[in-house]
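Chains, contacts and geometry: an overview
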Amino acid sequence: MDTAATTQEQCVLVTGGAGFIGSHTVVELLKDGYSVVIVDDLSNASEKVLDRIDTIVGEEAAKNLSFYRADVCDKEALAYIFDNNTITSVIHFAGYKAVGESVAKPIEYYTNNLASTLTLVDVMREHGCKSIIFSSSATVYGDPDVLPLTEASPKKNATNPYGWTKWMIEQILTDLHSSDPEWNVVLLRYFNPIGAHPSGLMGEDPKGIPNNLVPYVAQVAVGKRDAIHVYGNDYDTHDGTGVRDYIHVCDLASGHAAALKWMDGRSGVEIFNLGTGKGSSVLDVITSFSAACGKELPYVMEPRRAGDVTANYANCIKAKELMGWEAQFNLDDMCRDSWNWQSNNPNGYEG
Ligand code: UFG
C-alpha cells in the first residue's frame, strides 16, 4: 500500500528556516506545494528574508508559509507551534555554526546545539511527529584516510566543539530510532555550501568578519575587504591549497526536498552525503570568482589554519541511486550567483 501523502497534505517545520541554507530550502518546499512553518530566533538571520521568500515563490505559495520567532530551546514555544499546526515532519537547521567561535565558547555551543535538538525531539514525540531531517556535516568524517568519502566512511574525532555537536546529534537521533523504530531519521552530511539564489534576492549574510572562504572572497570582490587570506599553500594538493567539495545552496535545498519525498512513509535512519563529488582548491575558487566579478582578486598566502584538513570531497552515488538527486551547478555557477547576491546586496539583508 502506498502510504505517501501528497505534498499539499504535509506541513514541514523548518528550524533555522530564516538562515542561509534554511531559507533556500523553504523556497524549494513551497515551490513543491508543502506548507511550511519556520521557527527561528533571528540570532543569526534577518526577518527580511521572509519577504524575499514571498517574492521568489509568489503570492499563492507564500500563503502556505508561517513564521514564529522563537528559540528552539524554548519548550513552551515549540509546543505552542505543534499545538497550532499539524506538523508532519521537521527539518532541523537551527544551531550555532562558527567553528572558531565554538573552540572559544564550548559551553554555549554544546548547550545550545544539544539542548535545542533534545527539546525539539521531545516535543515531536509528545505530538506524535517522528520524522526528522538533520543538518549534519562532512566534518563528522574528520581527517579522511580515503577520498572520496562515502556514507560508510568512518566517523572520526571532530576537531572542534561545533563538529562534535554534529557528531553527537547524529548519535542522539540514531539512539532515538533504536528506542522507537517508528522514528524516521535522515542525516544529511553537507560538504561546503556556497552560492546564492539566482534571483539575487537571497544569499549568505555573515555577521562580522566571515570565517568561511567564499563569503570572505565575495566581500573582497565588493571592496569591503582588502585581500583574501589563503590559509596554507603547502598541502599535498594540485596547487598546494586546501581542497573542498563546494555545493550550490540551491542544490543543497533540492537535496532536502528529495530527502523529504524519499523518506515519506518510511522509518529508519539513513545517511546521505550532499556534495558534487568534485574537489576544488582555494585558488580554484579565487580564479572562478575573479572571472565572475570581472577582476583579479588580490590574495596573500598565510600559514595553515588550525584544524583544517588537506582535502575532502564526497561520493554522492547513494543520494542519486536512492533519492534520484544529484547536484546540477558547478563552481562557476556558484561563484556567479554569490557575486550576483553580494553585488546587489553589499551589506546583506540590512543593505
Ligand atoms: N580558507 C582560506 N581563507 C579563508 C577561509 C578559508 O584559505 O579566509 C580555506 C580553508 O583553509 C579551507 C577552505 O578555504 O581550505 C574552505 O574553508 P571554509 O572555512 O570555507 O570551510 P571549511 O571546509 O573549513 O568548513 C566547512 C563549514 C563547516 C563544516 C565543514 C565540513 O564551514 O561548517 O565545511 O567539512 F563543518
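Residues numbered from 1 in each chain as written. Predicted model: local features only at pLDDT ≥ 70, side-chain atom pairs only at ≥ 80, totals over all residues. Heavy atoms only, no water.

Quick notes on unusual backbone geometry
Counted only if it meets this: A helix here means a DSSP run of H or I that spans at least four residues, while a strand means a run of E at least two residues long, and both kinds are numbered starting from the N terminus. Each residue gets one of three labels from its accessible area relative to the maximum for its type: buried under 20%, exposed over 50%, partly exposed in between, using a 1.4 Å probe on protein chains only.
In this structure, the amide linkage connecting Leu 147 to the following residue, Pro 148, adopts the cis form with an omega of -5°. Looking at the secondary structure, you find Pro 148 in the loop between β5 (131–137) and α7 (161–179). Backbone geometry at Leu 42 places phi at a positive 60°, although glycine is not the residue there. Here Leu 42 is to be found in the loop between β2 (35–40) and α2 (49–57). You can call Leu 42 buried: its relative accessible area is 11%.

Details of the site of the ligand
Where we set the bar: Whether a residue is near a molecule or strand is decided by its heavy atoms; if any one of them lies within 4 Å of it, the residue is near. Two N or O atoms count as a polar contact when they lie within 3.5 Å, although within protein this holds only if one can serve as hydrogen donor and the other as acceptor, and sequence-adjacent residues are included solely when both atoms are side-chain atoms. Reported accessibility uses the Shrake-Rupley method at a 1.4 Å probe radius. Residues are deemed covered only where the shown protein chains occlude them.
Near the ligand you find 18 residues, and of these Asn 212, His 229, Arg 244, Arg 305 and Asp 308 are the closest. Contact distances for the ligand include 2.8 Å between an oxygen atom and a side-chain N or O atom of Arg 305. A distance of 2.6 Å separates an oxygen atom of the ligand from a polar atom in the side chain of Asp 308. Isolated, the ligand exposes 690 Å² of accessible area, and the fraction of that covered by the protein chains is 90%. Examining the composition of the shell around the ligand, we find that three residues originate from one element, strand β8 (residues 228–231), more than from any other.

Some details on the nonpolar core
Just so we agree on the cut-off: Nonpolar cores were defined as sets of buried Ala, Val, Leu, Ile, Met, Phe, Trp, Tyr and Cys residues, with membership established by side-chain atoms within 4.5 Å.
One finds Leu 29, Val 36 and Met 323 to be the most contacted residues of the largest nonpolar core, which totals 45 residues. In terms of nonpolar packing, the next biggest core, distinct from the first, is built from 28 residues, Val 39, Leu 78, Phe 134 and Ile 271 among them.

Comments concerning the sheet that holds strand β1 (residues 11–15)
Rules: Pairing between strands requires that DSSP locate at least two bridges from one strand to the other. Convention adopted: a line fitted to C-alpha atoms gives each axis, helices being fitted over their contacting stretch, and angles between N-to-C directions are expressed from 0 to 180 degrees.
Here seven strands make up an open sheet; going across it, the order is β3-β2-β1-β4-β5-β6-β11 and the pairing parallel. Both edges of this open sheet fall to β3 (65–69) and β11 (268–274), since each of them pairs with a single strand only. Taken pair by pair, the neighbouring strands of this sheet meet at an average axis angle of 20°, ignoring direction. Pairing of β5 with strand β6 (residues 184–190), which is carried by seven bridges, proceeds in the parallel orientation.

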